[in-house]
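Listed here are the chains, written in short residue letters.
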Amino acid sequence: MISKKNLTNYWFTIEPYVYICITDNCILLYNTLDGVFIESDKIKVIELLREIVQEENCGVVLLTNEQFKQKEINDFIRELRGKYMGDVIDVDLSKGKPVQLLPFFNLSGDIRALCKKHNFASGKKILEFLSEISIYVDHSTNITNLIPFLQSLPGNLTINVVGNLENVVDYVELLSFLDQLPSSKNLICPCTNVISLQPTFENNFSYSVLVHFPVDMLQLGHSRQLLLNQTLPIEYVFEVSSLDDCQQAKQLVEQFGIEKYQLKPIYTGDNIDFFEENVFLTKEDILSTSMSIEDFFANQAMNIYDFWKVNVMPNGDIYANVNHLALGNICTHSIHEIIYKEVEEGKSWLRIRNQAPCSTCIYQWFCPPPSDYEIIIGRLDLCHVKQ
Amino acid sequence: MIQTLIHTSEHDNSYMYNPQFRLSMLIHPEFKKAYEKSTNVNPYYLKKYTYLKNHGFFSKQKPINFGTIDESIVKNNITQTPQIVFETTDFCNLDCSYCSFGDFYEGFDVRNQKNINIDHAITLLKYIFECKHKSKKNKLYISFHGGEPLFNGNFIKQIVDIVNQLKSEKEMEIVYNMTTNATLLHKYIHFLVENKFQLLISLDGNESNHSYRFFRGNKENSFRKVIENIDMVQRDYPEYFAEYVNFNAVLHNRNSVKDIYEFIYSRYHKIPRIAELAPNDVVPDKEVLYQRMYHNKRRSEAEYLIEESNQLPHEELLLYTELANLLKYYSINYYISSITDLFPGEKKYVPSNTCLPFGKKVMLTRNNKLTLCEKVSCYKSSIGDVDENIKIDIPEITRQYNFYYEHVKEKCQHCYVNRFCGICLFLLKNNILDKLDMEEFFCEEFHDSDAFQNKLYRIISFLEKYPKDYSSVIENVIII
Ligand code: SF4
Ligand code: SF4
């Protein structure tokens, strides 16, 4: 006699904290709770997963007893349950089909378009989408235009001032204005251009000191002394283009007792080997970075490097990313217009990994969004993953 | 204390909901047993329970970070006000039994047949236009409210003239709208059509359904006049009617959701908005009468839904709206409509869903007061005065709001719907805001775990019936 147990059909589901990726010939499931993943190229498994992400199935499909017993499926389900990434529930245990609220990126194609529709509809407070502004300064900077523009921005933005402040006519006036703002202000300049702020300007300033190679030791020492006489937070950014630079940077860190620093790789046009070895990602790098549901969501929706940020050049031109076209100018455009333009036509805030070869890669949404390196080097796949 | 909940559905399926991760999860009945610490549990589910426990599923939830507002938020809102409402006049030729100016409600200024002051209205308009930046993307709604606004049609015409001058400077799009009882439409229809006024016509259904809306003088039902005018608009201006005319009905003991739909949909092919009688500010000795007239929308809708021939569009169902809110605010997909939540750093919320001043609109009353909106009585929500100048005491408004937040946040902290509850504090019954410093805040919509479980039961059962709604809500329902 066939026992009832052997005839059971099941509701099959994937847990909502699992990221599902399906390409033509394989699937990858990633558990965002512990970083464990499952890869499979079994046709039946791929078909089952394809079914589960159909919108009408709402995260649950019927698995007949016959399907359940097929080896490929059965092995897969065993692994899935073992890693707490999905389950099967006997259909007789309830009166009808359940649902599973999967993250929508597991179901639909274009999260970016959806986000745009939901977040930038007219009536939304568009200024909420601004969090940081970088002001590039030199002798041509016009304070009379710049200050009213800064006044039109929402409070509490992070403000970066990039360049040699002393070149700006009336830079003291600019500093006095910035000093009154509650925002945090970061002065970014080479060590040759460090100036003393305190005691006149005290409120929420910090320094990012850029160090180029070869290093002018005299200037570095001099600026270090100047900064140590003040109590502002300091970060050093070593602009490295070779392994030698990296080593030297580490020595400098020790020699000067630098607490906070970062190494920023610089592409010179002939150091691609340095990038391949030190910047390009391997499959292991990609899968060992712990990814949350939010991270997958963000990678599909926006460019986290550029989003919320704008840059103002000394001539007043405004960019979302300085490698793309200007969006307008502080003398002729309001900040609202700039933001709308970037969302509608721009290429920076919403630049994601949606082009070849990444668009067909199973790690498409694991990799961080394209950074400036991709633009400068001129290719999207700065990785060792073979397609 | 807010914690992970287990709930079921009409199909007898089991689910778990974690408020902190905003994660709903289908669970095996054995998992439920493991959670409930029953005996004889399948060991796999005991292990799964421990696994999820180790990943924070059953830990103490982090309390929501309720913040306050500062003056810059109010200032920013003023420059971005999307809508100006004019209380055009307090006069109305109808004397509807449940009108906010009638003897049913208190707190609204006494009706004394007064029109709004045009000079002050212009001062306000100029002020708001001045604050706006130039952009074709900017849209400003200008609304006329009453009494019956068409009793002061001259005012409306003058405002439209002025706005047409002001708007070209700023390249803005202007949308006019008006709520009207339709009895005077014949006098102004040409002007309204010409300026593309969006009309919201008050109509409670068929003649007997509409019988609380009678003329002030002879006490006759206004239905015939109203229908005559609506028919005229539909006949003579069919394109305008199709695009710009909508209906609003009040649900009471002389009509039902069915009556309203069947009459308005079959006659005009329009889906009416249906509102319950406003529960706030009812005069205490009218409470019995109020209870007699009150008709619960959920119940009335459910009764109609049982009929197979019902014409209710699926997207208009209350449960559909509840599902939309759950998916937008309480599901793992909440980022789609709130990408600022992905912004690094902790997100701050303010309690309840009370509009901030100028956040959605500002209303100028006939008594020269600036108020939050037409639904809230002006003594509660006055946010400024207008004469030759605009007087807005931003520090005081900010202080007042923060006072409210300070006093309600304790309660909201323990409420399961505290990320989005749709509650306007000004519209709560019994003038709660007036007593905040003396009494504990009481909110009739407070959701403890039982109430939230019931809500989840209701919504997930609905979704089990209509699984396709999941993607259609996320893709199409935009919450502004
Ligand atoms: S091809 Fe693109 S998406 Fe794939 S691993 Fe390389 S960089 Fe990442
Ligand atoms: S429903 Fe009431 S108690 Fe709950 S969050 Fe909203 S205002 Fe607070």
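Small disclaimer: the values here were computed from a predicted structure and weren't measured.

Rules used in this analysis
- Residues numbered from 1 in each chain as written.
- Chains lettered and ligands numbered in written order.
- Predicted model: local features only at pLDDT ≥ 70, side-chain atom pairs only at ≥ 80, totals over all residues.
- Heavy atoms only, no water.
- Helix = DSSP H or I, 4+ residues; strand = E, 2+ residues; numbered from the N terminus.
- Rg over C-alpha atoms; globule rule 2.2 N^0.38 Å.
- Buried < 20%, exposed > 50% of the residue type's maximum accessible area, 1.4 Å probe, protein only.
- Contact = heavy atoms within 4.5 Å.
- Axes fitted to C-alpha atoms, helices over the stretch in contact; angles between N-to-C directions.
- Nonpolar A, V, L, I, M, F, W, Y, C, P; charged D, E, K, R; others polar.
- Pairing = 2+ DSSP bridges.
- Near = heavy atom within 4 Å.
- Domains from an automatic or database assignment.
- Buried area = accessible area lost by both parts, 1.4 Å probe.
- Salt bridge = Lys/Arg side-chain N within 4 Å of Asp/Glu carboxyl O.
- Expected span 1.5 Å × (residues − 1).
- Phe/Tyr/Trp six-rings, centres within 6.5 Å; stacked < 30°, edge-to-face > 60°.
- Lys NZ or Arg CZ within 6 Å of the ring centre and 35° of its normal.

S.K.: Just checking my understanding: could you explain the overall build of chain B for this structure?
M.R.: Each helix and strand in chain B was counted, giving 16 helices and 13 strands. Here the C-alpha atoms of chain B give a radius of gyration of 25 Å, agreeing with the 23 Å that 2.2 N^0.38 yields for 480 residues. Each principal axis of the C-alpha distribution contributes one length, and for chain B these read about 80 × 55 × 50 Å. Taking all 480 residues of chain B together, the buried fraction comes to 55%. Long-range contacts, defined here as pairs at least 24 residues apart, represent 70% of the contacts in chain B between residues at least 6 apart.

S.K.: Sorry if this is basic, but what is going on with the packing of helix α9 (residues 257-268) of chain B against helix α11 (residues 297-306) of chain B here?
M.R.: Describing two packed helices takes the angle between their axes plus the distance from one axis to the other. Residues and elements named next belong to chain B. Running from N to C, α9 and α11 point in directions that differ by 65°, and their axes come no closer than 8 Å. Across the interface between the two elements, Val-257, Lys-258, Tyr-261 and Glu-262 from α9 touch Lys-297, Ser-300, Glu-301 and Tyr-304 from α11. Partitioned by chemical class, the residues of the contact of α9 with α11 number 3 nonpolar, 1 polar and 4 charged.

S.K.: Looking at this structure, I do not really get the sheet that holds strand β3 (residues 23-27) of chain B. What am I missing?
M.R.: Each strand in a sheet pairs with its neighbour through backbone hydrogen bonds, running either in the same direction (parallel) or in the opposite one (antiparallel). Residue and element names in this part refer to chain B. Judged by pairing direction, the sheet is antiparallel, and its 3 strands sit side by side in the order β1-β2-β3 without closing on themselves. For this open sheet the edge positions go to β1 (5-8) and β3, each flanked by a neighbour on one side alone. On average, each strand axis in the sheet is tilted by 30° relative to the strand beside it, whichever way the strands run. Where strand β2 (residues 14-18) meets β3, 5 bridges bridge the pair, whose relative direction is antiparallel. Directly across from Asn-18, in β3, lies its bridge partner Leu-23. This element, helix α15 (residues 449-465), spans β1 and β2 of the sheet and lies at about 45° to β1.

S.K.: Looking at this structure, I do not really get the site of ligand 2. What am I missing?
M.R.: In the vicinity of ligand 2, the residues found are Ser-352, Cys-412, Cys-415, Val-417, Asn-418, Cys-421, Ile-423, Cys-443, Glu-445 and Phe-446 of chain B. Partitioned by chemical class, the residues of the shell around ligand 2 number 7 nonpolar, 2 polar and 1 charged.

S.K.: Sorry, what's going on with the domain arrangement of chain B here?
M.R.: Interfaces are often sized by the accessible area lost when the parts come together. Residue and element names in this part refer to chain B. The domain boundaries assigned to chain B delineate domain 1 (5-62 + 450-478) and domain 2 (65-447). Here the C-alpha centre of domain 2 lies 36 Å away from the C-alpha centre of domain 1. Counting residues at the interface gives 23 residues for domain 1, matched by 25 residues for domain 2. Surface buried jointly by domain 1 and domain 2 totals about 2,300 Å² across both partners, of which 69% is contributed by carbon and sulfur atoms. If you sort the residues of domain 1 by the area they bury against domain 2, Arg-22, Ile-459 and Phe-462 come out on top, with a joint share of 32%. Put simply, Lys-455 and Glu-322 hold a salt bridge, and the shortest N to O gap is 3.3 Å.

S.K.: What am I meant to see in α9 of chain B here?
M.R.: The periodicity of an α-helix, 3.6 residues per turn, causes residues three or four positions apart to be oriented the same way. Residues and elements named next belong to chain B. Taking 1.5 Å per residue as the helical rise, α9 with its 12 residues ought to reach 16 Å, and the 16 Å between its terminal C-alpha atoms agrees with that figure. The complete set of buried residues in α9 reads Val-257, Ile-260, Tyr-261, Phe-263, Ile-264 and Tyr-268. Contact partners of the buried residues in α9: α7 (223-236), α8 (238-244), β8 (245-251), β9 (273-276) and α11. Positive phi shows up at His-269, right after α9, with a value of about 55°.

S.K.: Can you walk me through the packing of aromatic side chains in this structure?
M.R.: Remark: the centre distance and the inter-plane angle together describe each pair of aromatic rings, the angle taken between the planes. Going through the model one piece at a time under the given rule, you end up with 54 aromatic pairs over all chains. Seen in terms of ring centroids, Tyr-19 of chain A and Phe-366 of chain A are 5.5 Å apart; in terms of plane orientation they differ by 85°. Their pairing is edge-to-face. One end of the pair, Tyr-19 of chain A, is in strand β2 (residues 18-22); the other, Phe-366 of chain A, is in the loop between α12 (335-345) and α13 (372-377), with 347 residues separating them in the sequence. By relative accessible area, Tyr-19 of chain A is classed as buried at 3%. Here the basic side chain of Arg-22 of chain B rests over the ring of Tyr-334 of chain B, its NZ or CZ set 3.4 Å away from the ring centre. Taking NZ or CZ as reference, Lys-157 of chain B lies 5.7 Å from the ring centre of Phe-191 of chain B, over its face.

S.K.: Would you mind going over the pattern of salt bridges with me for this structure?
M.R.: Think of it this way: side chains of opposite charge can pair up when their charged atoms draw near. Under the defined criterion, the tally for this structure stands at 29 salt bridges over all chains. We note a salt bridge from Asp-75 of chain A to Arg-78 of chain A, for which the minimum N-O separation is 3.9 Å. Of the two residues, Asp-75 of chain A and Arg-78 of chain A are both situated in helix α3 (residues 71-82); the distance of 3 residues between them amounts to about one turn of the helix. Accessibility expressed as a relative area gives 55% for Arg-78 of chain A, which makes it exposed. Between Arg-379 of chain A and Asp-381 of chain A there is a salt bridge whose closest N-O contact spans 3.3 Å. Residue Arg-379 of chain A is classed as partly exposed on the basis of its relative accessible area, which comes to 31%. Via salt bridges that share partners, Glu-15, Arg-81 and Asp-87 of chain A together with Lys-48 of chain B belong to a single interconnected network.

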